[in-house]
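Here is what each chain is made of, one letter per residue.
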Amino acid sequence: MKISKSPWLLHYDGSSCNGCDIEVLACLTPVYDVERFGVINTGNPKHADIFLITGGINEQNKPVVQQLYSQMPSPKVVVAVGICACNGGIFKECYNILGGVDTTIPVDIYVPGCAARPEAIIDGVVKAVALLDKKRAEAASHKTADNGQENPEGGAK
């Protein structure tokens, strides 16, 4: 029997029109119930495993997104929801939009759409959970492989 930690999700609205945010919130309702996959929505980046971002990146929210990302423990997965988060969307030609989330932090999963449908968001979250499990397994195997090995420069690691 496989027992794994329930992933916690941090949702951040970059600079969206709120269309994708409404769809993200719809995923939490009993109609779509993303929590059935063990995902819990949190407001604290230090508890989050999955960073779900809607909207594009601009000069004002760039440092906020970078700070939230840096506060999350590793391993972590970033999900860009909506076309604005993927590449800037209809706002990408605006003077203040730098582009999608990947202009600021690395993105693992892209969920396009305007607005992204709850089914697509849930599919992205499920892929993020699978990727998170894979990253956790890799981190655990590296940790066990590193135990007791000699450092090439001498001494224990």
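Our structure's up above, just so we're on the same page.
Report follows, based on the coordinates. What you are looking at is a predicted structure, and each value in this text was computed from that prediction instead of being measured. (Residues numbered from 1 in each chain as written. Predicted model: local features only at pLDDT ≥ 70, side-chain atom pairs only at ≥ 80, totals over all residues. Heavy atoms only, no water.)

Further remarks concern the packing of aromatic side chains. The relative placement of two aromatic rings is captured by the distance of their centres and the angle of their planes. Applying the stated criterion across every chain yields a total of zero aromatic pairs. Here the guanidinium or amino end of K76 rests over the ring plane of Y69, the centre of that ring lying 4.0 Å away. (Phe/Tyr/Trp six-rings, centres within 6.5 Å; stacked < 30°, edge-to-face > 60°. Lys NZ or Arg CZ within 6 Å of the ring centre and 35° of its normal.)

Looking at the secondary structure, you find K46 in the loop between β2 (40-42) and β3 (50-54). On the basis of relative accessibility, which here comes to 56%, the residue K46 falls in the exposed class. For the pair K46 and S70, spaced 24 residues apart in the sequence, the C-alpha separation amounts to 9.2 Å. When sequence neighbours within four positions are dropped, the list of residues in contact with K46 reads Q71 and P73. (Helix = DSSP H or I, 4+ residues; strand = E, 2+ residues; numbered from the N terminus. Buried < 20%, exposed > 50% of the residue type's maximum accessible area, 1.4 Å probe, protein only. Contact = heavy atoms within 4.5 Å.)

On to the pattern of salt bridges. Under the criterion given, the structure shown has six salt bridges. In this structure, R136 and D49 form a salt bridge, with 3.3 Å as the shortest nitrogen-oxygen distance. With a gap of 87 residues between them, R136 in helix α4 (residues 118-146) and D49 in the loop between β2 and β3 connect regions that are remote in the sequence. The exposure class assigned to D49 is buried, which follows from its relative accessible area of 4%. Close ionic contact of D123 with K127 constitutes a salt bridge, the shortest N to O distance being 3.4 Å. Here the residue D123 and the residue K127 both occupy positions in helix α4, the gap between them amounting to four residues, near one helical turn. Bridged by salt links that share partners, the residues E23, R117 and E119 form one connected network. (Salt bridge = Lys/Arg side-chain N within 4 Å of Asp/Glu carboxyl O.)

Turning next to unusual backbone geometry. Here S74 and P75 are connected by a cis peptide whose omega angle stands at -5°. When you line up the elements, P75 lands in the loop between α2 (62-71) and β5 (77-81). In this model, C114 is joined to A115 through a cis peptide bond whose omega is -10°. As for its placement among the helices and strands, A115 is situated in the loop between β7 (109-111) and α4. Positive phi outside glycine occurs at N18, with the angle close to 80°. With respect to the element layout, N18 can be found in the loop between β1 (8-13) and α1 (19-27). Positive phi outside glycine occurs at D33, with the angle close to 50°. With respect to the helices, strands and loops of the structure, D33 is situated in the loop between α1 and β2.

With that settled, consider the nonpolar core. By size, the foremost hydrophobic cluster in this structure holds 20 residues, and its most contacted members are I50, L52, V79, V81, V111, I121 and V125. Elements represented by at least two residues in this core include exactly α1, β3, β5, β7 and α4. Apart from residues lying up to four places away in sequence, I50 is in contact with P7, W8, L9, L10, M72, V77, V79, A128, V129 and L132. Core analysis: the second largest hydrophobic core is formed by 15 residues, A48, F51, V65 and M72 among them. (Core = buried A, V, L, I, M, F, W, Y, C linked by side-chain atoms within 4.5 Å.)

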